[in-house]
Amino acid sequence: MEIERKYTIKKLPENLESYPCHHIEQAYLNVNPVVRVRKQDDEYYMTYKGNGMMAREESNLPLNKEAYYHLRAKADGNIISKKRYLIPLNHPGFKPGFPVPPADYSLTIELDVFDPPFAPLIMAEVEFGSREAAESFVPPDWFDREVTYDKEYHNSYMALQIS
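This structure is a prediction, so every number in the text was calculated from the model and none was measured.

## Focus: unusual backbone geometry
Looking along the chain, the bond that leaves N32 and enters P33 is cis, with omega of 5 degrees. Along the chain, P33 turns up in the loop between β2 (21–31) and β3 (34–40). Omega for the peptide link from P116 to P117 comes to 5 degrees, which places this bond in the cis form. Looking at the element boundaries, P117 is found in the loop between β9 (106–114) and β10 (122–127). Positive phi is not limited to glycine here, since N15 has a value of about 60 degrees.

Right, here's the structure in full:
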């Protein structure tokens, strides 16, 4: 189960280049349900995502390079290319009433900086271990609008919009 919230951002964090980064390329074979192929650095996957916006079933299967490129050629719409920065969020904030996490608790912000034709879009995603944690999360100040429930910000939707 993937449980995540998505946000646009107000500004890039300082020292962005100091964080680990992956180059991601992904293409969509189907959007309902979502069937995607992804190249992340030198690893290849096929992903199935069930219905839902904040929480949904997700399964990843490994692919080899040849299978990835074979399937990518069959994709609908645009191939999405982006850099994903992994930014630790130590001591994340939660609404009152949510159990206080341990002192060493942290989350990871996945900051996606999109390449053309989607640039200058930049989005932040945060994954959670439970719906309760996701619903109680208080985003950092540099996050802007939440777009978790806005289909226009789902990559599968975006891939079919710009040609």
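## Some remarks on the pattern of salt bridges
The final tally for this structure, using the stated rule, is eleven salt bridges. In this structure, K82 engages D112 in a salt bridge whose closest nitrogen and oxygen atoms are separated by 3.0 Å. Taken together, the residues K82 in strand β7 (residues 76–90) and D112 in strand β9 connect sequence positions 30 residues apart. The pair formed by K82 and D112 is uniform in burial state, with each residue classed as buried. With its nearest N and O atoms 3.5 Å apart, the salt bridge here joins E110 to R84.

## Focus on the nonpolar core
Counting residues in hydrophobic clusters, the biggest one holds 22 residues, and the most contacted among them are I109, L111, F128, F137 and F143. If you list the elements that add at least two residues to this core, you get β1 (2–9), β7, β9, β10 and α2 (131–136). Excluding anything up to four places from it in sequence, F128 contacts I3, E4, R5, L107, A133, A134 and F137. By size, the runner-up hydrophobic cluster in this structure holds eleven residues, among which are V34, F114, F118 and M123.

## Section: the pairing of β9
Two strands pair when backbone bridges link them, and β7 and β9 are joined in this way by nine bridges, in the antiparallel orientation. Bridge pairing in β9 places K82 opposite F114. Relative to β10, β9 is paired through five bridges, and the arrangement is antiparallel. Within β10, the position partnered with V113 by the bridge is I122.

## Digging into the layout of surface pockets
Each pocket or cavity is described by its volume, and for the largest pocket that value is around 340 Å³. Considering the residues around the largest pocket, the lining is formed by 23 residues, among which E2, R36, R38, K49 and E58 are closest to the centre. Contributing elements (two or more residues each) for the lining of the largest pocket: β1, β2, β3, β4 (43–49), β6 (58–63), β7, β10 and α3 (155–159). At four residues, β3 tops the list of elements feeding residues into the lining of the largest pocket.

## A short note on the UniProt feature "active site" (unreviewed entry) in the protein chain
Per the UniProt record, the feature "active site" (unreviewed entry) sits at Y28. With respect to the element layout, Y28 can be found in strand β2. You can call Y28 buried: its relative accessible area is 3%. The residues contacting Y28, other than those within four sequence positions of it, are V34, V35, R36, A75, D76, I80, N155, S156 and A159. There is a polar contact of 2.9 Å between the side chain of Y28 and the side chain of Q26.

## A short note on the side chain of S81
In this structure, S81 sits in strand β7. A distance of 3.0 Å separates the side chain of S81 from the side chain of H23, its partner in a polar contact. A polar contact of 2.7 Å, which involves the side chain of S81, links it to the side chain of D115. Residues contacting S81, with those up to four places away along its chain left out, are H23, I24, E25, F114 and D115.

What counts and how
Residues numbered from 1 in each chain as written. Predicted model: local features only at pLDDT ≥ 70, side-chain atom pairs only at ≥ 80, totals over all residues. Heavy atoms only, no water. Helix = DSSP H or I, 4+ residues; strand = E, 2+ residues; numbered from the N terminus. Salt bridge = Lys/Arg side-chain N within 4 Å of Asp/Glu carboxyl O. Buried < 20%, exposed > 50% of the residue type's maximum accessible area, 1.4 Å probe, protein only. Core = buried A, V, L, I, M, F, W, Y, C linked by side-chain atoms within 4.5 Å. Contact = heavy atoms within 4.5 Å. Pairing = 2+ DSSP bridges. 1 Å grid on protein atoms, 1.4 Å probe; cavity = no way out; pocket = protein on both sides within 12 Å on 5 of 7 lines; lining within 4 Å. Points joined across faces, edges and corners; volume = space filled by probe spheres on them. UniProt positions renumbered as here; feature names shortened; annotations may be inferred. Polar contact = N/O pair within 3.5 Å; in protein donor to acceptor, adjacent residues only side chain to side chain.

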